[in-house]
Amino acid sequence: MLAGFQNVTFEFGARAIIEDSTWHIHPNERIGLIGYNGTGKSTLLKLLVGEYQPSKGEVIRSRNTSIGYLHQDLLSFDTNESILQVALGAFEKVLLLEKEIEELGIQLEKNHEDEALLHLYSDKLHEMDTLDGYNIHHKTEEILQGLGFANADLQRPYKEFSGGWRMRVLLAKMILQQPDLLLLDEPTNHLDLPSIEWLEKYLLHYQGSVVIVSHDRWFLDRMVTKIVEVFPCQGK
Ligand SMILES: Nc1ncnc2c1ncn2[C@@H]1O[C@H](COP(=O)(O)OP(=O)(O)OP(=O)(O)O)[C@@H](O)[C@H]1O
Ligand SMILES: [Mg+2]
């Protein structure tokens with residue numbers, strides 16, 4: 001199991017949203033999470049990622065499971081960084097390593113006989129190779145272009161873009177992170193048709209598990225193989 005609930009209860013104040021719920025998400029599952037407005041779908045995802053804590057029961061996340069979570073609250077995030085930089089943020093480790101290598105290179109120019117420094121430098125280069133770190137710029141550009149960005153756009157600041165285009169940047173970043181479990185809360189709301197088509201193609205080849213909240217039946221029909229329905233708690 002990748003993640004899930006064991007007898008989870010969650011309330012907002014006195015109002016129960018989820019009562020004694022057990023849900024196990026397994027590898028390679030493609031789940032559509034449906035239910036009427038306000039029944040608690042978004043809340044369920046927030047419990048899964050640990051943004052909310054249950055009042056009873058346990059939220060299970062295997063320690064090695066990486067989760068990508070796409071939702072609309074992300075759109076309020078603002079930055080002067082270019083969209084290329086934002087998407088490249090997916091490669092936090094490699095970017096740090098790039099910096100270290102650059103700094104070590106400068107130091108080595110000054111003391112090229114320092115054996116310890118040389119060793120460190122060659123270790124870092126090796127690590128970069130293992131992480132496939134030399135390709136991140138190429139990969140990122142490719143995905144952004146796939147999502148409809150022109151080459152000239154890649155250096156423009158993220159904050160200049162509208163909601164729909166920001167969503168594409170965040171989607172690109174999440175895809176580049178290659179998480180084991182994707183949680184998509186109404187992903188098609190801010191995307192235009194070509195981007196939805198692109199996302200569909202991507203999801204069909206995606207190896208991990210995915211939970212999609214959507215009111216779009218046609219999209220769900222194509223994307224998922226299992227439906228989980230959320231009902232209002234009894235008597236509420
Ligand atoms: N921070 C909060 N404090 C109090 N109540 C909240 C809070 N967030 C959501 N709720 C309420 O909890 C219920 C579940 O909300 P949630 O957003 O999970 O529903 P949803 O199924 O995702 O709905 P939609 O289909 O409209 O996105 C709703 O009735 C909502 O009004
Ligand atoms: Mg919601």
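Model, not experiment: these values are computed from the prediction.

Asker: Got a sec to walk through the domain arrangement of the chain? Specific residues and values, please.
Answerer: Interface extent is often summarised as the accessible area lost during association of the parts. Along its sequence, the chain is organised into domain 1 (1-66 + 181-236) and domain 2 (83-178). A separation of 30 Å is found between the C-alpha centroids of domain 1 and domain 2. Approximately 980 Å² of surface area, both sides summed, lies buried where domain 1 meets domain 2, with 73% of it carried by carbon and sulfur atoms. At the boundary of domain 1 and domain 2, one finds 1 salt bridge. Notably, a salt bridge pairs arginine 168 with aspartate 192, separated by 2.6 Å at the nearest N-O pair. One can count 3 residue pairs in polar contact (both at pLDDT 80 or more) joining domain 1 with domain 2. For the side of domain 1 that touches domain 2, the elements supplying multiple residues, two or more each, are β6 (181-185) and α7 (193-205). No other element matches α7, which puts 4 residues into the side of domain 1 that touches domain 2.

Asker: Which residues make up the packing of aromatic side chains, and what are the values?
Answerer: Counted by the stated rule, this structure contains 9 aromatic pairs. Between phenylalanine 77 and tyrosine 158 the ring centres are 5.2 Å apart and the planes differ by 50 degrees, which places this aromatic pair in the tilted class. Within this pair, whereas phenylalanine 77 is found in the loop between β5 (67-70) and α2 (83-88), its partner tyrosine 158 is found in the loop between α5 (136-146) and α6 (163-177), the two being separated by 81 residues in sequence. Taking the centre distance of 5.8 Å and the plane angle of 35 degrees together, the rings of tyrosine 202 and tyrosine 206 count as tilted.

Asker: Mind laying out the site of ligand 1, listing which residues take part and the relevant values?
Answerer: Taken together, 14 residues sit near ligand 1, with Gly38, Gly40, Lys41, Ser42 and Thr43 positioned nearest. Contacts to ligand 1 include threonine 39, whose backbone N or O atom sits 3.3 Å from an oxygen atom. With respect to ligand 1, the side chain of serine 42 contributes an N or O atom lying 2.8 Å from an oxygen atom. When residues of the shell around ligand 1 are assigned to their parent elements, the largest contribution, 3 residues, is made by helix α1 (residues 41-49). Taken together, the residues that form the shell around ligand 1 break down as 4 nonpolar, 7 polar and 3 charged.

Asker: Provide a residue-level description of the layout of surface pockets, including the pertinent values.
Answerer: Over the atoms rolls a probe the size of a water molecule, and in doing so it shows where empty space is left. The computed volume of the largest pocket comes to approximately 420 Å³. Taken together, 15 residues line the largest pocket, and the ones lying closest to its centre are Phe91, Lys139, Leu176, Gln177 and Gln178. Only α3 (92-110), α5 and α6 provide two or more residues apiece to the lining of the largest pocket. Within the lining of the largest pocket, the residues separate by chemical class into 9 nonpolar, 2 polar and 4 charged.

Asker: Explain the sheet that holds strand β3 (residues 30-34) to me, and be specific about the residues and the numbers.
Answerer: Strand order in the open sheet formed by 5 strands is β5-β6-β7-β3-β8, with parallel pairing between adjacent strands. For this open sheet the edge positions go to β5 and β8 (226-229), each flanked by a neighbour on one side alone. Here the average twist between neighbouring strands, direction ignored, is 15 degrees. Here β6 pairs with strand β7 (residues 209-213) via 5 bridges, running parallel. When the sheet's bridge partners are listed, leucine 183 is paired in β7 with valine 211. Packing of α1 onto the sheet brings it into contact with β3, β5, β6 and β7, and relative to β5 it is tilted by some 150 degrees. Packing against the sheet, α7 makes contact with β3, β6 and β7, and its axis sits at approximately 150 degrees to β6.

Cut-off values and rules
Residues numbered from 1 in each chain as written. Chains lettered and ligands numbered in written order. Predicted model: local features only at pLDDT ≥ 70, side-chain atom pairs only at ≥ 80, totals over all residues. Heavy atoms only, no water. Domains from an automatic or database assignment. Buried area = accessible area lost by both parts, 1.4 Å probe. Salt bridge = Lys/Arg side-chain N within 4 Å of Asp/Glu carboxyl O. Polar contact = N/O pair within 3.5 Å; in protein donor to acceptor, adjacent residues only side chain to side chain. Helix = DSSP H or I, 4+ residues; strand = E, 2+ residues; numbered from the N terminus. Phe/Tyr/Trp six-rings, centres within 6.5 Å; stacked < 30°, edge-to-face > 60°. Near = heavy atom within 4 Å. Nonpolar A, V, L, I, M, F, W, Y, C, P; charged D, E, K, R; others polar. 1 Å grid on protein atoms, 1.4 Å probe; cavity = no way out; pocket = protein on both sides within 12 Å on 5 of 7 lines; lining within 4 Å. Points joined across faces, edges and corners; volume = space filled by probe spheres on them. Pairing = 2+ DSSP bridges. Axes fitted to C-alpha atoms, helices over the stretch in contact; angles between N-to-C directions. Contact = heavy atoms within 4.5 Å.

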